[in-house]
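Okay, here's what each chain looks like letter by letter:
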Protein chains: 2
Amino acid sequence: MRLLLIHSDHIEYETRKKTKVAEENVVPKDALDEALTVFCAVESVDEENIEDAVRQAVDEIVATAGQLGTTNIMIYPYAHLSADLASPEAAVSALRGIEDALARKGGFVVKRAPFGWYKAFSISCKGHPLSELSRTIVPGEGAAAEKKE
Amino acid sequence: MRLLLIHSDHIEYETRKKTKVAEENVVPKDALDEALTVFCAVESVDEENIEDAVRQAVDEIVATAGQLGTTNIMIYPYAHLSADLASPEAAVSALRGIEDALARKGGFVVKRAPFGWYKAFSISCKGHPLSELSRTIVPGEGAAAEKKE
Ligand SMILES: [Mg+2]
Ligand SMILES: [Mg+2]
């Protein structure tokens, strides 16, 4: 799984058109201020252990949100972060898993942009040294495999 | 080289802080409306033939701008698109090469965000089916190695 975490003054999206793999029953339009935006590509390797990939992703997101002092989290599917994607079913399962686990922790406002839709979006990145981070997660490994700041 | 091409209503950036590899003599703040924003990660493989990587990138950018009917281009260095980056010197050389080649073609407004700076930025993506495209370029190969839309 590849994560790109952006400390955002503002993030908003609006669905425009379905792709063939569009998720149903979605929130068509939403926004968050003062948020950690988590662009996420679920990869084929994650299918070996979706639960562990989700657990590691949630740990990374919670740790980063803590560092930044934000409790607003926007999960945003972003296929362009990887050349080796999971199946759409696995991707939706992982994205929902991350959303649900964060919500269960309490103390966070968690929103998730829908998978498989063309979406207009707008984001502003704060620009401080920790405002753009990327992580590569491999299920079964103890910690995030690669960190880049 | 990895490219992420975003058809943008608006893109703007502002430098905030240098990293150790910050480019000098930069434009510290700039913006473009109705632009093709080209997020670009120059990769180690590009160092084998920077000129060819630049040529292929320029071809892709020109073709995409033509499809979208835009003549405004913002080149934006984005290390988070790759786990195997070129040296900073090679990256700056490639980014400048792309900027210069596009400018020489005429008919484009070309801007380039500086390499090696922490930057605040804001972007809005139009959301139509061709408004987000990614490309992987490998020097010496005839065409972009991978296309994702
Ligand atoms: Mg950064
Ligand atoms: Mg798209």
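Calculation criteria
Residues numbered from 1 in each chain as written. Chains lettered and ligands numbered in written order. Predicted model: local features only at pLDDT ≥ 70, side-chain atom pairs only at ≥ 80, totals over all residues. Heavy atoms only, no water. Helix = DSSP H or I, 4+ residues; strand = E, 2+ residues; numbered from the N terminus. Rg over C-alpha atoms; globule rule 2.2 N^0.38 Å. Buried < 20%, exposed > 50% of the residue type's maximum accessible area, 1.4 Å probe, protein only. Contact = heavy atoms within 4.5 Å. Lys, Arg positive; Asp, Glu negative; His and termini not counted. Charge placed at Lys NZ, Arg CZ, Asp CG, Glu CD. Pairing = 2+ DSSP bridges. Buried area = accessible area lost by both parts, 1.4 Å probe. Salt bridge = Lys/Arg side-chain N within 4 Å of Asp/Glu carboxyl O. Polar contact = N/O pair within 3.5 Å; in protein donor to acceptor, adjacent residues only side chain to side chain. Nonpolar A, V, L, I, M, F, W, Y, C, P; charged D, E, K, R; others polar.

### Topic: the overall build of chain A
Within chain A, the regular secondary structure consists of two helices and seven strands. Each helix and strand of chain A, ordered N terminal to C terminal, gives the series β-β-α-β-α-β-β-β-β. Computed over C-alpha atoms, the radius of gyration of chain A comes to 14 Å, within 12% of the 15 Å expected from 2.2 N^0.38 for 149 residues, which places it in the range of a compact globule. Projecting the C-alpha coordinates of chain A onto the three principal axes gives extents of approximately 35 × 35 × 30 Å. A burial count over chain A gives 55% of its 149 residues as buried. A fraction of 83% describes how many contacts in chain A between residues 6 or more apart in sequence connect residues 24 or more apart. The centroid of the 17 positive side-chain charges in chain A is displaced by 4 Å from the centroid of its 24 negative side-chain charges.

### A look at the pairing of strand 1 (residues 2–18) of chain B
Residues and elements named next belong to chain B. Relative to strand 2 (residues 29–41), strand 1 runs antiparallel, the two being bridged by twelve bridges. From the neighbouring strand, Ile6 faces strand 2, where its bridge partner is Thr37. By the bridge criterion, five bridges tie strand 1 to strand 6 (residues 132–136) in an arrangement that is antiparallel. Across the sheet, the residue bridging to Arg2 is Thr136, located in strand 6. Both strand 1 and strand 5 (residues 117–125) contribute to a ladder of nine bridges, which runs antiparallel. Looking at the pairing, Lys17 lines up with Tyr118 of strand 5.

### A word on the interface of chain B and chain A
When the parts of a complex come together, some accessible area is lost, and that lost area is often taken as the interface size. At the junction of the two partners, chain B supplies 29 residues and chain A supplies 29 residues. Buried surface at the junction of chain B and chain A, summed over both partners, amounts to about 2300 Å²; 52% is from carbon and sulfur atoms. Linking chain B with chain A are zero salt bridges. Our count for the chain B to chain A interface comes out at twelve residue pairs in polar contact (both at pLDDT 80 or more). Sorting elements by how many residues they give to the side of chain B that touches chain A places strand 5 of chain B first, with eight residues. Grouping the constituent residues of the side of chain B that touches chain A by class yields 14 nonpolar, seven polar and eight charged. By the bridge criterion, five bridges tie strand 5 (residues 117–125) of chain A to strand 5 of chain B in an arrangement that is antiparallel. Along strand 5 of chain B, the bridge assignment pairs Ser122 of chain A with Ser124 of chain B.

### Examining the pattern of salt bridges
Residue and element names in this part refer to chain A. A complete count under the given rule lists 23 salt bridges over all chains for this structure. Note that Arg96 and Glu23 form a salt bridge whose closest N and O atoms lie 3.2 Å from each other. Highlighted residues: Arg96 in helix 2 (residues 88–105) and Glu23 in the loop between strand 1 (2–18) and strand 2 (29–41), separated in sequence by 73 residues. By relative accessible area, which is 38% here, Arg96 ends up partly exposed. Taking relative accessible area as the criterion, Glu23 reaches 6% and is therefore assigned buried. When salt bridges with common partners are traced through the structure, they connect Glu23, Arg96, Glu99 and Arg112 into a single cluster.

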